[in-house]
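Letter by letter, the chains look like this.
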Amino acid sequence: MSQQHPDLEWFRLSKQPQEPLEPGGVSLAGDDLEAWRERFLPLRKHLKRRDVIVALSGGGMLLPCHVGALRVLELIGVPLDDIYGTSAGAIVGGLLAAGLTTEQLEQTMRDIDSPDEIFGFAARYPRLRMITREMRRLLLDLPPEESGIYDLEQVEEFVSEVLTKYVGGVPTFAELEVEFSCVALDLGTGDSDEGERTRKQVFSKETSPDVRLNEAIAASMAIPGVFPPKKIGGHYYVDGGVVEQIPIGTAREEWMRGRRRFSRRKLAIIGIDLGPPGAPPSLEVLGHPMDVVLYTQRLQGRVITELELIRCHDPRKRISVVLLRPADLEIALYETEKIPLALHASYVRTLRQLEGDRFLEQTDSAIESARTAFGLCED
């Protein structure tokens, strides 16, 4: 097991909500739980008679923060009609869609002892891996599938082991009971004579029913230069964060395309964004090349997300986006001991962001930031 934060040994998402939220608190149930849910009545009213989609962003080793936020939605009683994910969000979203409970997701996060379990041997030493991989590439003429610093095979194996443990095997998209989609960038077949163009790829039951879930997740998190491209059906795919760090735009587009003509149904997209905090990265992050790559990619993705919010969010009409930012800490690639802290912090931050009338504050703030940054403010 991962080293536990000394102040958080008592904390488990599966025991929440507790009153008070501290050691010795009693888990709420029955009328007490219903009274607790009243704190989120404005959000529940907003979501009433709306289809609800959750969109999970990339975020590297911050993926436990998705689990903390999802547990809050579960406790409030928010139904999730569809799940979308990019990169780290594809891991959590895919496992959730395959049938894992939030309790099982939490245990999966806590069971990660080392980054080696996800990223392969010597994950803490990217320079060593870079030298080793480059020597192998020069001596063995490696194909694109083995061109990265870290191993996608290890990612797929991690996902496969979790799925086998909890649901008995790795499903295809056609076998999923919950609608799930994950985003990647299609780089084509590598044959420049075919006149192909790079494009966004959405893996789903509709587009890729026979693709295995672990393969699509690997494609969605194949960060260029960090991981090799993932080859599926003759095409190479890289990380979905290149085109959409949090897939709210894709969720909107597919909902609009699939809804019945003249339907009065509305949509709410709950976007869980693990973008970097506003403060600059720490010295520890700056000294670790892969963490710098992940940090800057998430920062770029945050800008794209804020622009997408301008396009997607219009609560007075059909579609609203409830943006959550549950991550206010850094977890470097090698800092698995911070996972309990991430689970706790994301749970508490999500509670605060959704209580009362504040559930759209993150959305409004992000839209205002984008309008100011890109000169879109009204005179």
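Since the model is a prediction, treat every value here as computed from it, not as a measurement.

Rules and cut-offs
Residues numbered from 1 in each chain as written. Predicted model: local features only at pLDDT ≥ 70, side-chain atom pairs only at ≥ 80, totals over all residues. Heavy atoms only, no water. Patch = residues over 30% accessible without salt bridge, like charges linked within 9 Å, V, L, I, M, F, W, Y side chains within 5 Å. Areas by Shrake-Rupley, 256 points an atom, 1.4 Å probe, with all protein chains shown as cover. Salt bridge = Lys/Arg side-chain N within 4 Å of Asp/Glu carboxyl O. Lys, Arg positive; Asp, Glu negative; His and termini not counted. Charge placed at Lys NZ, Arg CZ, Asp CG, Glu CD. Helix = DSSP H or I, 4+ residues; strand = E, 2+ residues; numbered from the N terminus. Buried < 20%, exposed > 50% of the residue type's maximum accessible area, 1.4 Å probe, protein only. 1 Å grid on protein atoms, 1.4 Å probe; cavity = no way out; pocket = protein on both sides within 12 Å on 5 of 7 lines; lining within 4 Å. Points joined across faces, edges and corners; volume = space filled by probe spheres on them. Nonpolar A, V, L, I, M, F, W, Y, C, P; charged D, E, K, R; others polar. Pairing = 2+ DSSP bridges.

In this section: a negative patch on the surface. A cluster of acidic residues, D357, E361, D364 and E368, forms a negative patch at the surface. Mapped onto the elements of the fold, E361 is located in helix α14 (residues 361-373). Among the residues examined, E361 registers a relative accessible area of 48% and is labelled partly exposed.

Let us now look at the layout of surface pockets. Leftover empty space is mapped by rolling, across the atoms, a probe with the size of a water molecule. If you add up the space inside the largest pocket, you get close to 390 Å³. A per-element tally of the lining of the largest pocket places helix α10 (residues 248-258) first, with five residues. When its residues are assigned to classes, the lining of the largest pocket shows six nonpolar, four polar and 10 charged.

On to unusual backbone geometry, then. In this model, Q16 is joined to P17 through a cis peptide bond whose omega is 0°. As for its placement among the helices and strands, P17 is situated in the segment before β1 (18-19). Cis peptide bonds are those with omega within 30 degrees of zero, and the linkage from E19 to P20 qualifies with -5°. Locating P20 in the fold gives a position in the loop between β1 and β2 (26-27). Of note, the phi angle at R49 is positive, near 60°, even though the residue is not glycine. Following the sequence through the fold, R49 ends up in the loop between α2 (41-47) and β3 (50-56). Judged by its relative accessible area of 62%, R49 falls in the exposed class. Even without a glycine there, the phi angle at S87 is positive, about 55°. The residue S87 is located in the loop between β4 (82-86) and α4 (88-98) in this model.

In this section: the pairing of β4. Most of β4 is tucked away, with four of its five residues classed as buried. Bridging between β3 and β4 involves four bridges; their strand directions are parallel. By the bridge assignment for β4, L56 is matched with G85. With five bridges joining them, β4 and strand β5 (residues 179-188) adopt parallel strand pairing. Each residue of the ladder has a partner; that of I83, found in β5, is F180.

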